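# Coordinates in review
The chain contents come next:
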Amino acid sequence: MAIEFASRDIPLTRRLQTAAVLQWVYSFLALAQTCIFLFFILLFTRLWIVSVLYAVWWFIDWDTPSHGGRRSRWLQEGVVWRYLRDYFPIKLIKTTDLDPSKNYVFGFHPHGVLIAGGFTNFCTEATGFSDLFPGITPYLLMLPLWFRAPFFRDYIMTGGLIPSNKESAAYVLSQKKGGTAVVIAVGGAAESLDARPGACSLLLKNKKGFIKLAIEHGASLVPIFSFGENELYDQVENPKGSLLRTVQEKLQKLMGVALPLFHARGVFQYSFGLIPYRRPINTIVGKPIPVVENPNPSVEEVDRMHKLYMQKLSELFEEHKTLYNVPADRHLTFI
């Protein structure tokens, strides 16, 4: 396979955009492991006190991630995220205003490989979330595993990330003042195994926990579809029943994280690497679905709201798909 090399005359802005996306990819794929290694290696150096003091702090601060985290508006507005936004580029589009006196459960679809649109739109201010939805504070849910990594946990909390468990989501939604939005990539890590260009299948048919959560707290459901999320990477073919898919699914159940074999472009050449393709992402925030609070919803009530949610998500997709180069004969499939 011939390798197409990048021109040496790339403008500085594009180089900065590539650098921004490179550090973002590194953050998701390797920074946690680096932080864990650093924590332990420092114990065997003259700087051992750093790890010891951090361990004390970690013990004191243990519950912070599940109690809303510790976001930093200054870091969320950092220029590096604007370069990340412009690399693809990424846009956040609203279809209606959201009442800041109410709480919301945002259902984000699809997960994609590295949830680029979800992170950029809801963990940074690069796409102007606060201007589009004044008075609303988003909390993106992330696997609890990553909050067990020293130093890394503090980094991800600055963006408003909290553990993806019921306790963490319930804590922020229980704030009666309103203006809280829990953002859930409903398909989760398992859905990333189907993330490839052109894919329109969502792991949603039996995903009802977020519906029950919304009912228990009276939080309106907001369907979100991120066009382009699946276009960023190619993935090694892994159809259901194949040996590769079987191994991936077993590892996902064992470890809690999926291991898709994906690739796109490199730093100095465009033919192979882990840097995503420059393809636009347009994240459409749909209209809220009113939910009546019920601390103990019945199975029938959850099923009814789940069906309504899938209907509204499908309508959102159908209404906007032709604007973002999705063929008219392509429709969402729920699995």
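Note that the coordinates shown come from a computational prediction; the quantities given were computed from them, not determined experimentally. (Residues numbered from 1 in each chain as written. Predicted model: local features only at pLDDT ≥ 70, side-chain atom pairs only at ≥ 80, totals over all residues. Heavy atoms only, no water.)

## Focus on the confidence of the model for the protein chain
For the protein chain, mean pLDDT is 93; residues scoring 70 or higher make up 97% of the total. Here residues 1-5 scores under 50 on pLDDT; set against residues more than four positions off or in separate chains, the count is eight contacts. (pLDDT = per-residue confidence, 0-100. Contact = heavy atoms within 4.5 Å.)

## Here's the deal with the UniProt feature "transmembrane region" (unreviewed entry) in the protein chain
Using the residue numbers shown here, the UniProt feature "transmembrane region" (unreviewed entry) corresponds to residues 21-41. Taken end to end, residues 21-41 is 100% helix and 0% strand, and its two terminal C-alpha atoms sit 28 Å from one another. (UniProt positions renumbered as here; feature names shortened; annotations may be inferred. Helix = DSSP H or I, 4+ residues; strand = E, 2+ residues; numbered from the N terminus.)

## Some thoughts on the packing of aromatic side chains
One pass over the structure, following the stated rule, counts 25 aromatic pairs. Judged by centre distance (6.0 Å) and plane angle (50 degrees), the rings of tyrosine 54 and tryptophan 58 are tilted. Of the two residues, tyrosine 54 and tryptophan 58 both sit in helix α2 (residues 48-60), four residues apart, roughly one turn of that helix. When sorted by exposure, tyrosine 54 lands in the same class as tryptophan 58, which is buried. Aromatic pair phenylalanine 129 and phenylalanine 133: ring centres 5.2 Å apart, planes at 45 degrees, arrangement tilted. Phenylalanine 129 sits in the buried class, given a relative accessible area of 1%. Of the residues examined, phenylalanine 133 reaches a relative accessible area of 1% and is grouped as buried. An aromatic cluster of three or more residues is present, and its members are Trp24, Phe28, Trp81, Tyr87, Phe88 and Phe119. Just above the ring of tyrosine 139 sits the side chain of arginine 71; from NZ or CZ to the centre is 4.7 Å. Here the guanidinium or amino end of lysine 94 rests over the ring plane of phenylalanine 133, the centre of that ring lying 5.8 Å away. (Phe/Tyr/Trp six-rings, centres within 6.5 Å; stacked < 30°, edge-to-face > 60°. Buried < 20%, exposed > 50% of the residue type's maximum accessible area, 1.4 Å probe, protein only. Lys NZ or Arg CZ within 6 Å of the ring centre and 35° of its normal.)

## Observations regarding the nonpolar core
In this structure, Trp24, Phe88, Phe106 and Phe152 are the most contacted members of the largest nonpolar core, which totals 52 residues. By residue number, the principal contributor to this core is helix α1 (residues 12-42), which donates seven residues. Formed by 35 residues, the second largest nonpolar core is a distinct cluster that contains Ala219, Phe317, Val326 and Leu332. (Core = buried A, V, L, I, M, F, W, Y, C linked by side-chain atoms within 4.5 Å.)

## A look at unusual backbone geometry
Cis geometry marks the peptide bond from phenylalanine 88 to proline 89; its omega dihedral reads -5 degrees. Along the polypeptide, proline 89 turns up in the loop between α4 (79-87) and β1 (90-94). With an omega dihedral of -15 degrees, the bond running from histidine 109 to proline 110 counts as a cis peptide bond. Look at isoleucine 115: it is not a glycine, yet its phi comes out positive at around 45 degrees. Structurally, the position occupied by isoleucine 115 is in the loop between β2 (104-109) and α5 (116-123). Of the residues examined, isoleucine 115 reaches a relative accessible area of 8% and is grouped as buried. Phi is positive for asparagine 325, which is not a glycine, with a value near 65 degrees. Relative to the elements of secondary structure, asparagine 325 occurs in the loop between α12 (299-320) and β11 (333-334).

## Looking at the pairing of β2
When you tally the buried positions in β2, you get six out of six residues, the bulk of the element. The two faces of β2 match: Tyr104, Phe106 and Phe108 on one face and Val105, Gly107 and His109 on the other face are all buried. With five bridges connecting them, β2 and strand β5 (residues 180-185) associate as parallel partners. Directly across from tyrosine 104, in β5, lies its bridge partner alanine 181. Note that β2 and strand β7 (residues 220-227) share six bridges and pair parallel. Note that in β7 the partner of histidine 109 across the bridge is phenylalanine 225. (Pairing = 2+ DSSP bridges.)

## Observations concerning the environment of valine 80
Considering the arrangement of structural elements, one finds valine 80 in helix α4. Since its relative accessible area comes to 29%, valine 80 is described here as partly exposed. Distance in space between the C-alpha atoms of valine 80 and glutamine 17 is 8.1 Å, their sequence separation being 63 residues.

## Observations regarding α5
Among the eight residues that make up α5, eight are buried, leaving the element largely enclosed by the rest of the structure. All of the buried residues in α5 are Ala116, Gly117, Gly118, Phe119, Thr120, Asn121, Phe122 and Cys123.

## Notes on the pattern of salt bridges
A complete count under the given rule lists 14 salt bridges for this structure. With its nearest N and O atoms 3.2 Å apart, the salt bridge here joins lysine 166 to glutamate 216. With lysine 166 in helix α8 (residues 166-173) and glutamate 216 in helix α10 (residues 209-217), this residue pair connects regions lying 50 residues apart in the sequence. Relative accessible area serves as the criterion here: at 45%, lysine 166 is assigned to the partly exposed category. Glutamate 216 sits in the buried class, given a relative accessible area of 13%. Measuring nitrogen to oxygen at the nearest pair gives 3.0 Å for the salt bridge that ties aspartate 194 to arginine 245. Highlighted residues: aspartate 194 in the loop between α9 (188-191) and β6 (201-202) and arginine 245 in helix α11 (residues 243-255), separated in sequence by 51 residues. Each member of the pair, aspartate 194 as well as arginine 245, carries the same accessibility label: buried. Each of Asp61, Arg70, Arg153 and Asp154 takes part in salt bridges that share partners, so that together they form one network. (Salt bridge = Lys/Arg side-chain N within 4 Å of Asp/Glu carboxyl O.)

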